[in-house]
Amino acid sequence: MAGDGGLDSFCGSEFWNVNTTWNTTNPHFTECFERTVLVWIPCGFLWLFSAIEVHYLLKSKDRLVPWSFLNISKLVGSGALLVVELIDIIYEIVRNNSKSYNVYPNDFLVPVILFMSILLQTVFVVLEKKRGIQSNGYMFLFWVLLAVCGIPQYRSYFTMYAENELEMFSFVLYNIYYPLTVVMFLLNCFADSRPQVLDYPRGPQSCPEPDASFLSRITFFWLDGLVWRGYRTSLVQEDLWKLSQECASSTVIHDWDKNWSKSSTKAYKKGESDTRATFNNETEQVHVTGTAGDGKTYISVLPTMVKTFGREFLAGSALKLIYDLMQFVSPQILSWLIDFTDKETDEVEQWKGFFYAGLMFVVAQIQSMILGQYFARTFLVGLKIRTGVISAVYRKALRISSSARKESTVGEIVNLMSVDAQRFMDLTTYLNMLWSAPLQIILALYFLWQILGPSVLSGLFVLVVLIPVNGFIANHVKKLQIKQMKYKDKRVKMMNEILNGMKVLKLYAWEPSFENQVLEIRQKEIHVLKKAAYLNAATSFIFTCTPFLV
């Protein structure tokens, strides 16, 4: 099966042949495919996402990574690869001028593309050193792609040389190029030394994540030290690390206050015509003058949350989308593997079985890494939202007037900071289920329809029936939570009054009376909690039984 005529003439050989790539006992790509697509993929990735790398370089606040064996080795390796590609370009020019060889456009294009890509990578290595970037995924993924995409050509060169189909010079040159590529990949598995100029100080107990390489971050290898320490002995406060800059409350609150001030300014301008609000860029505070027309406040924390943490949340949502789509890849590969095992031994190529099994393993590992990163990101976003809300409530509690303070007790304010703020953190992790669950159901029904046909509708009917049941339970749980919070606020308010008037209670011996009042409220609260526990148990039961019912 011949490939594309244009690419065939561009390479001087066949671009694609399914009989040599798939329907054979000794599979391999064509030479044209190896020297076009497998070169364009890593180089295209490097140039396509170079703007993002420039953005991170400009955004970095650290400076001057010190010279070390690692970054010197990277520069030496990059220089050696540039020399190799330059020799390859000169060699193709000499071959073309000799007119005893057939030299095609792709023979010139491949070394030129590789030379320019490696040169760009070298520039980024130097700039990263100056801008204080110790490691990033952009460069790591480029070398991963270049090393992986070079494996087929490396194997083909040995085969072609053994069959006297390849010149000695090309064989030797590639045997220098590819090992250097693997060495560069290994070097990019590690992070450079800590920058000399830091925007946020890192002491001996600082979190090791900022100093970790990209590979260490996606595998959480930087966390192993704490895990092993906790395995050997009980962890104490001194064993814990300090928060990194992005998670520190000072960083989170600075961004929160900045966006909150802007939202406040916009809200006052929109909702209260005779109110004047100005934003000071230096102090990052809003100054409001005038009186409100109707006495109402038109401010919501939602715009501030979206502006402050929206990008991080969307990045986590993108990971969730990739994970959901990849969940349906493994079943498809398993289906191919089952079809492979059902065939007669003489009718199939044995290597396909190993290929399917290896592909399932790779997909499962990628899924695991993506899901781990998704939960890590969403938990951190939830923690930051909680920090921002607690800061806003605490600051407001210090500024409220005496009349407003009478309406809200200390206990109610504490509940806002402890319980209600925690709700935001709990919600963030599972908020993506609003779109993720329907997407998974639709994709599952589509693939099941290919196998079962109309029988899938019975399972869909079960899901549809359970939707109002779950909605009914969730609505009752919500009502119970509201009731519980009212009882809790009432109990905390009562305790606050008791503690403030302790001398009077002791003087008149009113302790039993107030104790009974507190216990009565507590009993009502426990009764509500018991109902909520029963409903949560029912939800867990339905969640567990639903797959079997379907």
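Everything numeric here is computed off the predicted structure, so don't read it as measured data.

It is worth spelling out the overall build of the protein chain at this point. Regarding its fold elements, the protein chain presents 21 helices and two strands. Relative to the 2.2 N^0.38 estimate, which gives 24 Å for 550 residues, the radius of gyration of the protein chain is 32 Å and therefore markedly larger than a compact globule would have. Viewed in the frame of its principal axes, the protein chain has a C-alpha envelope of about 115 × 65 × 60 Å. Scored against the burial criterion, the 550 residues of the protein chain give a buried share of 35%. Here the protein chain displays about 33200 Å² of accessible surface, and carbon together with sulfur accounts for 65% of that area. Looking at the protein chain, you have 52 positive and 48 negative side-chain charges, and the mean spots of the two groups are 15 Å apart.

So, on to the environment of Ile482. Among the secondary structure elements, Ile482 is positioned in helix 19 (residues 456–500). Separated by 46 residues in the primary sequence, Ile482 and Val528 place their C-alpha atoms 9.9 Å from one another.

In contact at an axis separation of 10 Å, helix 4 (residues 37–48) and helix 7 (residues 105–131) are set at 35° when each is read in the N-to-C sense. The chirality of how helix 4 crosses helix 7 is left-handed. Contacts between helix 4 and helix 7 involve Val39, Trp40, Cys43, Leu46 and Trp47 from the former and Leu109, Val110, Ile113, Leu114, Met116, Ser117, Leu120 and Gln121 from the latter. Taken together, the residues of the contact of helix 4 with helix 7 sort by class into 11 nonpolar, two polar and no charged.

As a further point, take a nonpolar patch on the surface. A grouping of Trp47, Val112, Met116, Leu119, Val123 and Leu127 is seen on the molecular surface, where their side chains present a nonpolar patch of about 470 Å² in accessible area. It is helix 7 that contributes the most residues to the nonpolar patch, five residues altogether. Summarising the element assignment, Val112 is placed in helix 7. Judged by relative accessible area, which is 36%, Val112 ranks as partly exposed.

Here we come to the packing of helix 8 (residues 137–162) against helix 9 (residues 168–187). The contact between helix 8 and helix 9 brings their axes to 9 Å, and the two run at 150°. What the angle tells us is that helix 8 and helix 9 run roughly antiparallel. The two elements helix 8 and helix 9 meet at a crossing, and its hand is left-handed. Here Phe140, Trp143, Val144, Leu146, Ala147, Gly150, Ile151, Gln153, Tyr154, Tyr157, Phe158 and Tyr161 of helix 8 come into contact with helix 9, specifically with Met168, Ser170, Phe171, Tyr174, Asn175, Tyr177, Tyr178, Pro179, Thr181, Met184 and Phe185. Of the residues belonging to the contact of helix 8 with helix 9, the class tally is 18 nonpolar, five polar and no charged.

For the rest of this paragraph, the subject is unusual backbone geometry. In this model, Leu64 sits at a positive phi of 60°, which is unusual for a non-glycine residue. Taking relative accessible area as the criterion, Leu64 reaches 38% and is therefore assigned partly exposed.

This next bit is on the state of the cysteines. Scanning the model with the defined rule gives one disulfide in all. Between the sulfur of Cys11 and that of Cys32 lies a disulfide, 2.1 Å long from S to S. Taking the sign of the S-S torsion, 50° for the link of Cys11 and Cys32, the bridge is right-handed. Of this pair, Cys11 sits in helix 1 (residues 5–11) while Cys32 sits in helix 3 (residues 31–34); the two residues are 21 residues apart in sequence, bridging distant segments of the chain. Residue class for Cys32 comes out buried when judged on its relative accessible area of 1%.

With numbering aligned to this structure, UniProt lists the feature "transmembrane region" (unreviewed entry) at residues 37–58, 70–93, 108–127, 139–157, 169–191, 430–449 and 455–477. With 100% helix and 0% strand, the stretch residues 70–93 has end C-alpha atoms that lie 35 Å from each other. Helix makes up 90% of residues 430–449 and strand 0%, whereas the separation of the span's terminal C-alpha atoms amounts to 28 Å.

This paragraph deals with the side chain of Lys129. Note on placement: Lys129 falls in helix 7. Within the buried core, Lys129 has no salt-bridge partner, and the shortest N-O distance to an opposite charge, that of Asp192, equals 8.9 Å. Each residue touching Lys129, except ones within four places of it in the same chain, is listed here: Leu64, Val65, Pro66 and Trp67.

Of the residues in the protein chain, 91% reach a pLDDT of 70 or more, and the chain-wide mean stands at 84. With pLDDT under 50 throughout, residues 288–296 is counted as low confidence; its partners more than four residues away or in other chains account for 15 contacts.

Here the protein chain is partitioned into domain 1 (6–199) and domain 2 (455–549). Measuring from the centre of the C-alpha atoms in domain 1 to the corresponding centre in domain 2 gives 61 Å.

Quick notes on the rules
- Residues numbered from 1 in each chain as written.
- Predicted model: local features only at pLDDT ≥ 70, side-chain atom pairs only at ≥ 80, totals over all residues.
- Heavy atoms only, no water.
- Helix = DSSP H or I, 4+ residues; strand = E, 2+ residues; numbered from the N terminus.
- Rg over C-alpha atoms; globule rule 2.2 N^0.38 Å.
- Buried < 20%, exposed > 50% of the residue type's maximum accessible area, 1.4 Å probe, protein only.
- Areas by Shrake-Rupley, 256 points an atom, 1.4 Å probe, with all protein chains shown as cover.
- Lys, Arg positive; Asp, Glu negative; His and termini not counted.
- Charge placed at Lys NZ, Arg CZ, Asp CG, Glu CD.
- Axes fitted to C-alpha atoms, helices over the stretch in contact; angles between N-to-C directions.
- Left-handed = near helix turned anticlockwise from the far one by under 90°.
- Contact = heavy atoms within 4.5 Å.
- Nonpolar A, V, L, I, M, F, W, Y, C, P; charged D, E, K, R; others polar.
- Patch = residues over 30% accessible without salt bridge, like charges linked within 9 Å, V, L, I, M, F, W, Y side chains within 5 Å.
- Salt bridge = Lys/Arg side-chain N within 4 Å of Asp/Glu carboxyl O.
- Parallel < 35°, antiparallel > 145°, perpendicular 65-115°, else oblique.
- Disulfide = S-S within 2.5 Å.
- UniProt positions renumbered as here; feature names shortened; annotations may be inferred.
- pLDDT = per-residue confidence, 0-100.
- Domains from an automatic or database assignment.

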